[in-house]
Amino acid sequence: MINDTLEETRPEPVEGPASAPDKRSVATASQRQLIWWRFSRHKLAVISLFVLLIFYLVGATCEFVAPRAQDTALPQATYSPPQWVKVSPTAPHLYVNGVVGVPNVDTLKRDYRIDESVRIPVGFFVKGDQYKLFGLIPGDVHLFGSTEPGAPVFLLGSDQQGRDLLSRLIYGARISLSVGLIGVVLSLTLGLLLGGLSGYFGGRIDSAIQRIIEFFISIPTLPLWLGLAAAVPPGWDSLSTYFAITLILSLMGWTGMARVIRSRLLQIRHEDFVLAAELDGARPLRVIGKHMLPAFTSHIIASLSLSVPGMILGETSLSFLGLGLQPPVVSWGVTLGDAQSIRVLAEAPWMLFAGLAVVITVMAFNFVGDGLRDAADPYGT
């Protein structure tokens, strides 16, 4: 009787949200699904991943997204201030106010004032400067911009030569973001190869590789970057200089990864699953790549995601100091190089928007790295 009463009054189990996996799905899920479920619970990491995807998509299609070409200049609009987009219930619904420049006889510079009587319409999918998307597809339609070809719009202001700063930041995203990815791939390759061989074989091979790593670590990073960047021949074209800077940034990035991999391999070198693979006749590279490295995938993923912002900051620093990429190549570091003067910062503080883009990208990579590290940790909750 008492049992019947308890069964009648027992509350029904409350079902969780539809997106939350149940115990049965967790038991049968693959490793990738488990990592994604854990990562999706890290809201800040998911938002950061979304921001990075937007940045890379914008960088890949910069010719279409940018309102103007990267080198289109208007000398009469030198250091023009930003024009903010306004919304109106009447046509034009999206517009910016015109900017009037008046030469100042006392300061010998151009003073600007907002002319609210002039409305320059702004729209999407407008025609503008011609380009070749991905260097192959010709076009002249831009995602957004002025619907009047003769009326320039500078949403983030212009630089010393009257070039649209927003367009240059969008073009610079392709170079700055791709440098980080290519540099990390090269660093990962060297780190996995040398660190894996050092930790697996040990002995003289381990000693020789560790002495090489200690030699690179003992050299100050910034002076080494400056020296190698200065050694790049000035007559090289922009593509050759780009790959040279990427190799320079990768030269120091592999040492930390190699040491971590070596220490982890030494810990699991004599585990049963490693000995079983060796007795089965697996070659050393297969044992390292198929059996030992997956044991600490979480640390490798976190290290990769945290290494990309270091590469981006390295390229930005070298280009800012004038020893990295040079015009006509456009990157965030090259754009920041135009803001070295105190006078420029006082008259045109919007030139620091490139630094804001670097800060947002670095923070986003750090948050994504934290989320991936927690999601890939087999002992996480």
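Residues numbered from 1 in each chain as written. Predicted model: local features only at pLDDT ≥ 70, side-chain atom pairs only at ≥ 80, totals over all residues. Heavy atoms only, no water.

(A) Region of interest: the overall build of the protein chain. Secondary structure assignment for the protein chain yields 15 helices and four strands. In terms of C-alpha radius of gyration, the protein chain reaches 27 Å, well past the compact-globule figure of 21 Å for 381 residues. On the principal axes, the C-alpha backbone points of the protein chain span a range of 85 × 75 × 40 Å. Counting across all 381 residues of the protein chain, residues that qualify as buried make up 39%. Partitioning the intrachain contacts of the protein chain with sequence separation of at least 6 by distance along the chain shows that 67% fall at a separation of at least 24. Of the roughly 21600 Å² that the protein chain leaves accessible, carbon and sulfur atoms contribute 64%. (Helix = DSSP H or I, 4+ residues; strand = E, 2+ residues; numbered from the N terminus. Rg over C-alpha atoms; globule rule 2.2 N^0.38 Å. Buried < 20%, exposed > 50% of the residue type's maximum accessible area, 1.4 Å probe, protein only. Contact = heavy atoms within 4.5 Å. Areas by Shrake-Rupley, 256 points an atom, 1.4 Å probe, with all protein chains shown as cover.)

(B) Here's a closer look at the pattern of salt bridges. Counting across every chain of the model gives nine salt bridges. Taking the shortest distance from any N to any O, the salt bridge between Glu 63 and Arg 174 comes out at 2.9 Å. Residue Glu 63 is found in helix H5 (residues 62-65), and its partner Arg 174 is found in helix H6 (residues 165-201); the two are separated by 111 residues along the sequence. Across the pair Arg 168 and Asp 159 runs a salt bridge whose closest N-O atoms are separated by 3.8 Å. Of the residues examined, Asp 159 reaches a relative accessible area of 2% and is grouped as buried. Here the salt bridges do not stand alone but share partners, grouping Asp 71, Asp 159, Arg 163 and Arg 168 into one network. (Salt bridge = Lys/Arg side-chain N within 4 Å of Asp/Glu carboxyl O.)

(C) Examining the sheet that holds strand S2 (residues 94-104) more closely. The antiparallel open sheet is built from four strands, whose spatial order is S1-S2-S3-S4. At either margin of the open sheet sits one strand with a lone partner, and together these are strand S1 (86-87) and strand S4 (137-146). (Pairing = 2+ DSSP bridges.)

(D) How the structure looks around the nonpolar core. The biggest cluster of nonpolar side chains holds 60 residues, and the ones touching the most others in it are Ile 245, Leu 249, Leu 325, Trp 332 and Met 351. Of all the elements, H6 adds the most residues to this core, at ten residues. Residues in contact with Trp 332, not counting those within four places in the same chain, are Phe 55, Leu 169, Gly 172, Ala 173, Ser 176, Leu 177, Ala 354, Ala 357, Val 358 and Thr 361. With 13 residues, the next largest nonpolar core counts Met 257, Val 274, Phe 296 and Ile 300 among its residues. (Core = buried A, V, L, I, M, F, W, Y, C linked by side-chain atoms within 4.5 Å.)

(E) Looking closely at the packing of helix H7 (residues 203-218) against helix H9 (residues 238-268). Contact pair H7 / H9: the axes reach a minimum separation of 10 Å and the direction vectors enclose 140°. The angle between H7 and H9 places the two elements in the oblique class. Judged by the twist between their axes, the crossing of H7 over H9 is left-handed. Each of Asp 206, Gln 210, Ile 212, Ile 213, Glu 214, Phe 216 and Ile 217 in H7 lies in contact with H9, whose residues at this interface are Leu 251, Met 252, Trp 254, Thr 255, Ala 258, Arg 259 and Arg 262. Among the residues making up the contact of H7 with H9, the classes are represented as eight nonpolar, two polar and four charged. (Axes fitted to C-alpha atoms, helices over the stretch in contact; angles between N-to-C directions. Parallel < 35°, antiparallel > 145°, perpendicular 65-115°, else oblique. Left-handed = near helix turned anticlockwise from the far one by under 90°. Nonpolar A, V, L, I, M, F, W, Y, C, P; charged D, E, K, R; others polar.)

(F) Representation of a nonpolar patch on the surface in the model. A grouping of Leu 181, Ile 182, Leu 186, Leu 239, Phe 243 and Leu 247 is seen on the molecular surface, where their side chains present a nonpolar patch of about 510 Å² in accessible area. Elements represented by at least two residues in the nonpolar patch include exactly H6 and H9. Examined against the element boundaries, Phe 243 turns out to sit in helix H9. Phe 243 gets classed as partly exposed once you look at its relative accessible area, which sits at 41%. (Patch = residues over 30% accessible without salt bridge, like charges linked within 9 Å, V, L, I, M, F, W, Y side chains within 5 Å.)

(G) Summary view of the packing of aromatic side chains. In total, this model carries six aromatic pairs according to the counting rule given. Consider the rings of Phe 216 and Trp 254, whose centres lie 5.9 Å apart with planes at 70°: the pair is edge-to-face. Residue Phe 216 is located in helix H7, and its partner Trp 254 is located in helix H9; the two are separated by 38 residues in the primary sequence. Judged by relative accessible area, which is 18%, Phe 216 ranks as buried. Lying over the aromatic face of Tyr 200, Arg 269 brings its terminal NZ or CZ to 4.3 Å of the ring centre. (Phe/Tyr/Trp six-rings, centres within 6.5 Å; stacked < 30°, edge-to-face > 60°. Lys NZ or Arg CZ within 6 Å of the ring centre and 35° of its normal.)

(H) Focus on the side chain of Arg 163. Mapped onto the fold, Arg 163 is located in the loop between S4 and H6. Residue contacts for Arg 163: discarding those within four places in its chain leaves Gln 70, Asp 71, Thr 72, Ala 73, Phe 154, Gly 157, Ser 158, Arg 168 and Asp 338.

(I) Representation of the packing of helix H4 (residues 43-60) against helix H15 (residues 353-376) in the model. With their axes 8 Å apart at the nearest point, H4 and H15 run at an angle of 135° to one another. Of the possible angle classes, the one that applies to H4 and H15 is oblique. Seen from above, H4 lies across H15 with left-handed handedness. Residues Leu 44, Ala 45, Ser 48, Leu 49, Val 51, Leu 52, Phe 55 and Tyr 56 of H4 form the contact with H15, whose own contacting residues are Ala 357, Ile 360, Thr 361, Ala 364, Phe 365, Phe 367, Val 368 and Gly 371. The residue makeup of the contact of H4 with H15, split by class, is 13 nonpolar, three polar and no charged.

(J) View of the pairing of strand S3 (residues 109-133). Relative to S3, S2 is paired through ten bridges, and the arrangement is antiparallel. Its bridge partner being in S3, Tyr 95 is matched across the sheet by Pro 121. In this structure, S3 lies alongside S4, joined through eight bridges in antiparallel fashion. For Tyr 131, the partnering residue across the bridge sits in S4 and is Gly 139. The loop that links S3 with its antiparallel partner S4 comprises three residues; one of these, Phe 134, has a positive phi angle of about 60°.

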